[in-house]
Amino acid sequence: MMAVITFLCAVLCGLGVGSGGLFLLYLLRALSMPQYAAQGTNLLFFCFATLASTLTSLRAGRLPLGRLLPLLLFGSLGVLGGALLTLVLPAQTARAGFGAFMLLGGLYTLFGRVLAPLLARKRKKE
Amino acid sequence: MGITLSMIPNPEKKYKPLLPIFAPEDKNMYKILLYKGVCPAVNTKVKSPLSSFLLYAASVLSGALCGFLGTGGGMLLLFSLRFLHPDEEKENMAICTACVLLFSILTTILYKIEGHMDGVGIALILLPSLLGGAVGSLLLGRIHLLFLDLVLSLLLVYAGLSLILG
């Protein structure tokens, strides 16, 4: 069962739909994993799921390194800060933060990627 | 930059300002920036120190989200990239995915050092996630994502609320 869920979430990830949250939710709710252990497993999932599409982009020449490298550098600093927070803050805080992140992500997807294109299409028809 | 007000359709019309906080080098540039989102030439060529700063700030925040919450933080980065480079969707997606990959690798290493990883699951998720990622990237652009986005967004809203309230 886990293999099937992992596969489906990875397909969504490859499509750029943003499914990492769903996989983490599955680990937390269905498998009752502890918060930080689930986050670690979710990160492994991300590593494997994004590897294929990154290699594809690299081969297709779609990765402008001049824009990518500064983002990686600055983002790595953020990663360090975020990972250090897990040592200081309790898992419940991360759980609530994750919930808020999912809620915002859901609202953004709903309004930005579903309703906005539908409204634009309707306006175009008019 | 070779961009003038004459390149903007109906310059007298009041368009929605994008970022009225740029530090322009000249007045014309300021006016043109306010029309960003209307003129394709402006969309792709205008670059200011502030837009770079915003992008770097978004990448720091994305990294921090990844480090703290164990999710990619890609949504925030992609949102920022789309905002600043609206005409380069393929590059935006590629940059975002590459960033998420590196952030995830780094965070995994840090979690291992911090003792958050229990070692369970690598064997279970390795093959399905590799295969699924490859299948997804092959399907990209071939299937209609609107319905998928709708289902996913409702699921995310429900899950987010249940995690916060429960």
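Residues numbered from 1 in each chain as written. Chains lettered and ligands numbered in written order. Predicted model: local features only at pLDDT ≥ 70, side-chain atom pairs only at ≥ 80, totals over all residues. Heavy atoms only, no water.

## Points about a nonpolar patch on the surface
Logical step 1: Taken together, A:Leu80, A:Leu84, A:Leu87 and A:Val88 make up a surface patch of nonpolar side chains, about 400 Å² in accessible area.
Logical step 2: Along the chain, A:Val88 falls in helix α4 (residues 65-88). (Patch = residues over 30% accessible without salt bridge, like charges linked within 9 Å, V, L, I, M, F, W, Y side chains within 5 Å. Areas by Shrake-Rupley, 256 points an atom, 1.4 Å probe, with all protein chains shown as cover. Salt bridge = Lys/Arg side-chain N within 4 Å of Asp/Glu carboxyl O. Helix = DSSP H or I, 4+ residues; strand = E, 2+ residues; numbered from the N terminus.)

## A word on helix α3 (residues 35-59) of chain A
Since there are 3.6 residues in each turn of an α-helix, residues three or four apart along the chain are aligned in direction.
Residue and element names in this part refer to chain A.
Logical step 1: Taking 1.5 Å per residue as the helical rise, α3 with its 25 residues ought to reach 36 Å, and the 36 Å between its terminal C-alpha atoms agrees with that figure.
Logical step 2: Of all bends in α3, the biggest is about 35 degrees, found at Leu51.
Logical step 3: Within α3, 20 of the 25 residues are buried, which leaves the element mostly enclosed by the surrounding structure.
Logical step 4: In the stretch just after α3, Gly61 is the one whose phi turns positive, near 70 degrees. (Expected span 1.5 Å × (residues − 1). Bend = angle between axes of the 7 residues up to and from the residue. Buried < 20%, exposed > 50% of the residue type's maximum accessible area, 1.4 Å probe, protein only.)

## Description of the packing of helix α1 (residues 2-14) of chain A against α3(A)
Residues and elements named next belong to chain A.
Logical step 1: Packing of α1 against α3 leaves a shortest axis separation of 9 Å and a crossing angle of 55 degrees. With respect to their mutual orientation, α1 and α3 come out oblique. When you trace α1 past α3, the crossing you get is right-handed. Between α1 and α3, the contacting residues are Thr6, Cys9, Ala10 and Cys13 on the first element and Phe45, Phe46, Ala49 and Thr50 on the second. (Axes fitted to C-alpha atoms, helices over the stretch in contact; angles between N-to-C directions. Parallel < 35°, antiparallel > 145°, perpendicular 65-115°, else oblique. Left-handed = near helix turned anticlockwise from the far one by under 90°. Contact = heavy atoms within 4.5 Å.)

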